[in-house]
Amino acid sequence: MRLATRHNGRRDGELMLLSPSRQHWAPAGPATPTLQALLDDWEVLAPALARRCHSLDASGWQGCAAFEPQQCLAPLPRAYQWVDASVYRNHARLIYQWRQEPIPPRYEDEPLVYQGGSDVMLSGTEPIVARDEAHGIDLEAEIAVITTDVPMGVSAEQALQHIALVVLLNDVSLRGLIPAELARGFGFYQSKPATSFAPIAVTPAALGSAWRGGMLHLPVHIELNGQWFGQPDAGEETVFHFGQIIAHLARTRALAAGSIVGAGTISNAAAAGGNACITEARVRQMLAGAPEAELQPYLRHGDRVRIEVLDAQGRSVFGAIDQRVQVVSQAE
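Here is what the cut-offs are and how they apply
Residues numbered from 1 in each chain as written. Predicted model: local features only at pLDDT ≥ 70, side-chain atom pairs only at ≥ 80, totals over all residues. Heavy atoms only, no water. Helix = DSSP H or I, 4+ residues; strand = E, 2+ residues; numbered from the N terminus. Rg over C-alpha atoms; globule rule 2.2 N^0.38 Å. Buried < 20%, exposed > 50% of the residue type's maximum accessible area, 1.4 Å probe, protein only. Areas by Shrake-Rupley, 256 points an atom, 1.4 Å probe, with all protein chains shown as cover. Lys, Arg positive; Asp, Glu negative; His and termini not counted. Charge placed at Lys NZ, Arg CZ, Asp CG, Glu CD. Axes fitted to C-alpha atoms, helices over the stretch in contact; angles between N-to-C directions. Parallel < 35°, antiparallel > 145°, perpendicular 65-115°, else oblique. Contact = heavy atoms within 4.5 Å. Nonpolar A, V, L, I, M, F, W, Y, C, P; charged D, E, K, R; others polar. Salt bridge = Lys/Arg side-chain N within 4 Å of Asp/Glu carboxyl O. Pairing = 2+ DSSP bridges. Patch = residues over 30% accessible without salt bridge, like charges linked within 9 Å, V, L, I, M, F, W, Y side chains within 5 Å. Phe/Tyr/Trp six-rings, centres within 6.5 Å; stacked < 30°, edge-to-face > 60°. Lys NZ or Arg CZ within 6 Å of the ring centre and 35° of its normal.

A. Spotlight on the overall build of the chain. Along the chain, the regular secondary structure elements total seven helices and 21 strands. A compact globule built from 332 residues should have a C-alpha radius of gyration of about 20 Å, and the chain, at 19 Å, falls within 12% of that. Each principal axis of the C-alpha distribution contributes one length, and for the chain these read about 60 × 45 × 40 Å. Across the 332 residues that make up the chain, the buried fraction comes to 54%. In the form shown here, the chain has an accessible surface area of approximately 14800 Å², with 50% of it arising from carbon and sulfur atoms. Taken as two groups, the 26 positive and 35 negative side-chain charges of the chain have centres that lie 2 Å from each other.

Okay, here's the thing in structure tokens:
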């Protein structure tokens with residue numbers, strides 16, 4: 001299945017079913033008015049919704065409305081939990097070089113995670129709003145999953161069965177605020193503003209062979225101001241897969257249906273893959289001997305970020321994140 005949430009004037013929107021071509025949509029129906037309602041009773045409601053999708057497929061989605069991504073909210077406009085990991089070796093290597101710190105001990109023994117804000121999730125067309133360009137506004141292209149209820153103590157293999165949907169997101173960071181926050185020893189907060197999501201959430205089964213080993217194996221295309229910025233493969237050079245991340249999170253507590261779990265900024269060691277965040281690009285430039293004045297600048301007012309995943313047939317898997325940076329003053 002392919003699902004999205006339509007803006008209908010309410011905070012949680014209306015759940016939509018999408019055609020395989022992503023060209024048409026139909027209401028999910030009264031039993032599943034929102035994505036959270038579907039996730040709350042996934043084992044009962046999802047099979048019925050899948051049967052409806054098959055029926056629509058057979059009819060060619062005749063009579064259904066054209067899908068317009070601009071009418072969408074984030075798939076989950078507000079979530080019970082948003083936890084992000086950091087499973088790409090190369091990203092850890094470059095980021096800790098930027099921070100002038102060693103990679104944390106046991107980085108490859110157990111997932112490194114933090115808990116982000118989940119009360120406001122942005123659509124992929126809403127602006128990246130910031131107070132000051134000096135905060136170092138950075139994009140971070142990521143893949144995440146949305147879970148059903150996860151019992152405490154599940155194994156990594158069991159955890160994979162609790163993945164309901166896969167999503168694409170931009171986990172914006174304010175790099176200029178991170179060092180001071182982490183130096184206080186209590187983690188991110190002001191340096192991690194609201195996360196933006198591509199409009200379409202996809203079941204692992206709908207991804208076919210691109211979903212294997214608990215990861216999505218497709219390149220993620222990133223453009224900055226209309227120029228190619230990177231296309232790292234989301235399934236390569238990882239320390240852990242999603243089942244292992246979820247099992248780590250559930251070690252001492254259960255996860256509620258509707259928890260969003262990210263794998264961290266996508267990163268491949270080969271320079272040909274480009275970058276999925278600006279800080280990585282800057283570190284690569286510094287390692288190559290570039291002076292400070294020539295480093296890739298962080299995002300500025302009016303900059304445009306586009307993030308998209310294409311399948312083997314060239315179709316957009318999740319729809320695109322396509323947003324502008326909007327810097328507003330304190331007075332505004």
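B. Region of interest: the packing of helix 3 (residues 89-98) against helix 7 (residues 278-287). Running from N to C, helix 3 and helix 7 cross one another at 70°; their axes reach a closest spacing of 9 Å. By the angle between their axes, helix 3 is roughly perpendicular relative to helix 7. Across the interface between the two elements, N90, H91, R93, L94, I95, Q97 and W98 from helix 3 touch T279, E280, V283, R284 and L287 from helix 7. Across the contact of helix 3 with helix 7, the residue classes break down as five nonpolar, four polar and three charged.

C. Here's a closer look at the pattern of salt bridges. Under the counting rule described, the total for this entry stands at 16 salt bridges. E110 is the partner of R106 in a salt bridge, and the nearest nitrogen-oxygen pair spans 3.5 Å. With its nearest N and O atoms 2.6 Å apart, the salt bridge here joins D322 to R304. Taken together, the positions of D322 in strand 21 (residues 321-327) and R304 in strand 20 (residues 304-309) put the pair 18 residues apart, joining distant regions of the chain.

D. Region of interest: helix 3. Of the residues making up helix 3, those classed as buried are N90, H91, A92, L94, I95 and Y96. Against helix 7 lie the buried residues of helix 3. After helix 3 finishes, the residue Q100 shows a positive phi value of roughly 55°.

E. Geometry of the sheet that holds strand 18 (residues 227-230). Read across the open sheet, the five strands follow the order 8-21-20-17-18; overall the sheet is mixed. Strands with a single pairing partner mark the edges of an open sheet, and in this sheet they are strand 8 (128-130) and strand 18. Recorded for the sheet is a direction-independent mean angle of 25° between the axes of neighbouring strands. For strand 17 (residues 220-224) and strand 20, the ladder comprises five bridges, and the chain directions are antiparallel. What sits directly across from I222, in strand 20, is I307.

F. Broad picture of a negative patch on the surface. A cluster of acidic residues, D40, D41, E43 and D149, forms a negative patch on the protein surface. Position of D149 among the secondary structure elements: in the loop between strand 10 (141-147) and helix 4 (156-160). D149 gets classed as partly exposed once you look at its relative accessible area, which sits at 44%.

G. Structural view of the packing of aromatic side chains. Under the counting rule described, the total for this entry stands at two aromatic pairs. Judged by centre distance (4.9 Å) and plane angle (70°), the ring pair of Y114 and F188 falls under edge-to-face. Taken together, the residues span a long stretch of sequence, with Y114 in strand 6 (residues 113-116) and F188 in the loop between helix 5 (178-183) and strand 13 (195-197) at a distance of 74 residues. Judged by relative accessible area, F188 falls into the partly exposed class, the value being 25%. Between W211 and F242 the ring centres are 6.2 Å apart and the planes differ by 20°, which places this aromatic pair in the stacked class. Taken as a pair, W211 in strand 15 (residues 211-212) and F242 in helix 6 (residues 242-249) lie far apart in primary sequence, 31 residues in all. The positively charged end of R175 is found above the aromatic ring belonging to W98, 5.7 Å away from the centroid. A cation over an aromatic ring shows up here: K192 above the ring of F188, its NZ or CZ 5.8 Å from the ring centre.

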